[in-house]
Amino acid sequence: MASRDPRWVFKDRPSVSLIIGLVLAGLCAIVSFSFDVINGAPVAFIVSLGLALAPVPLLLAAVLALDRMEPEPRSNLVFAFAWGAGVAVLVAGVINSLNLRYLMSAAALGPADARSIAATFGAPVVEETMKGLVLLGLLRFRRAELDGPTDGIIYASMVGLGFAMSENVSYYIAALNSEQGVQGLAVTVVLRGILSPFAHPLFTSMIGIAVAYAAQRRGPDRALIILAGWVGAMLLHGLWNGLASYGGAAGLAIAYGTLLVVLLALMVVVWRDRRRIVRLLQRYLPPYEPTKLVDQADIYMLSAISRRRQARQWAQAHGGKEGLRAMSDYQLAATELGLLHERAERHIVDDHTFHEEQRALLECMAAARSRFPVPDQHAASMAMGTPPPGYAPGAPPA
């Protein structure tokens, strides 16, 4: 018997450091919002906060939809979002304000010119650095969670969405307090909340991909890889702000076109990464067939998002919530087992860690498989290793 719950290997329990980090991020968010309340009337703040929060559930759902093959620990995702919404926004806001004051006083620039220069050349450096720090933290303390570029994109998108949400509150208050009033607010909501909600996630994804790539490598070139991603994020951010500040309508069109190209490129990266994970499962799971914890039907089921969903639907139909939980646990443990082998092959984990996590994952698979629903009409065939109808349609025979 295991000495502890084998689900520890999923690394999804809040730690003391996570709780401290969330408290810090929450305090920073409160301070940042306090500045917004001071700069605008309380009613304007409430309206702006509501408009900034409204699209967040939909945006989070879109990002998490990319994370279905190997879902990241919820605690890490929550921390990344909170960092962006609290710490990153507060520190970046203070530094950007100081830069703006410096340009207006030392360089004797008008408010409009100073704001455009600060947005194009200063803000990208400050904001991408503050957002990127959480990715460096993951690389340092949660390296094993960065299994590929998709993970980097997911974490970067979470911190970017948090940052954009808090930043939008300030922009909406400023628009509402401007001469245009409600009309200016409507234009700002359309430009920032509807047409470019993924701008910050796309910028920071350059850092996320670089950090995830560096997590799979050893040697001094890792620093160069991260630096390249950092510069890419700042350049993309600066290009967006510069075109919006100086390019007029044509500049905005070019900026949106650039973001669309980047978005399509990231979708290709995610698609290729899913294929990589499928190849890992097809390579590393067959040797475990003698354990009776996995067979060809299971590998076939695990090799496509649609077939995973079909298996969960089958488990829920025959076993309710318990069946669904068992199938979800099995899929996650089996996928993590394939990724663990890749980390061991790349010497990212030592032998002791590999065997400890391998044993825990196999225990998770065994526990989950024991809770699979067994329809009476298919009990005999399932005992012989034949998948029941609806579990993995099209799977090869046992």
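All residue numbers refer to position in the chain's written sequence, counted from 1. Only residues with pLDDT of at least 70 get local features here, since the model is predicted, and only at 80 or more are side-chain atom pairs given and counted; chain-wide, interface and lining totals rely on the full set of residues. Calculated side-chain values reflect all of the structure's heavy atoms, with hydrogen atoms and water omitted.

A. Representation of the overall build of the protein. Helix numbering and strand numbering both begin at the N terminus, where a helix is a DSSP run of H or I of at least 4 residues and a strand a DSSP run of E of at least 2. Looking only at helices and strands, one finds 14 helices and zero strands in the protein. In the protein, the succession of α and β elements from N to C terminus is α-α-α-α-α-α-α-α-α-α-α-α-α-α. By principal-axis analysis of the C-alpha atoms, the protein measures approximately 80 × 45 × 40 Å. Accessible area is worked out with a 1.4 Å probe on protein chains only. A residue is then buried under 20% of its type maximum, exposed over 50%, and partly exposed in between. Classification of the 398 residues of the protein by burial places 47% in the buried group. Contact definition: two residues touch when any of their heavy atoms are within 4.5 Å. Taking the contacts inside the protein whose residues are at least 6 apart along the sequence as the reference set, 77% of them involve residues at least 24 apart. Working definition of accessibility: Shrake-Rupley area with a 1.4 Å probe, residue cover restricted to the visible protein chains. Within the structure as shown, the protein displays about 19,200 Å² of accessible surface, and the carbon and sulfur contribution to it stands at 67%. By the counting scheme adopted, Arg and Lys are positive, Glu and Asp are negative, and His together with the chain ends is not counted. Think of each charge as sitting on NZ of Lys, CZ of Arg, CG of Asp or CD of Glu. Side-chain charges of the protein comprise 34 positive and 30 negative groups, with the mean position of each set lying 2 Å from the other.

B. Examining the nonpolar core more closely. Joining through side-chain atoms within 4.5 Å is the link that ties buried Ala, Val, Leu, Ile, Met, Phe, Trp, Tyr and Cys residues into a set, and such a set is a nonpolar core. In terms of nonpolar packing, the biggest core is built from 59 residues, with W83, L135, L146, Y155 and V211 touching the most fellow members. It is helix α6 (residues 149–176) that contributes the most residues to this core, twelve residues altogether. Once residues lying within four places of it in the same chain are set aside, the contact partners of Y155 are E72, P73, N76, L77, A80, L135, L138, E145 and L146. In this structure, Y288, L332, A360 and L361 belong to the second largest nonpolar core, which totals 32 residues.

C. Structural context of the pattern of salt bridges. One side-chain nitrogen of Lys or Arg within 4 Å of one carboxyl oxygen of Asp or Glu is enough to make a salt bridge. One pass over the full model with this rule turns up 13 salt bridges. R371 is the salt-bridge partner of E322, the closest N and O atoms lying 2.6 Å from each other. Taken as a pair, E322 in helix α12 (residues 305–345) and R371 in the loop between α13 (351–370) and α14 (379–383) lie far apart in primary sequence, 49 residues in all. Owing to a relative accessible area of 27%, R371 belongs among the partly exposed residues under this scheme. Across the pair R346 and E342 runs a salt bridge, and its minimum N-O distance is 3.8 Å. Accessibility expressed as a relative area gives 6% for E342, which makes it buried. Among the charged side chains, a salt-bridge network with shared partners connects D273, R276, E342 and R346.

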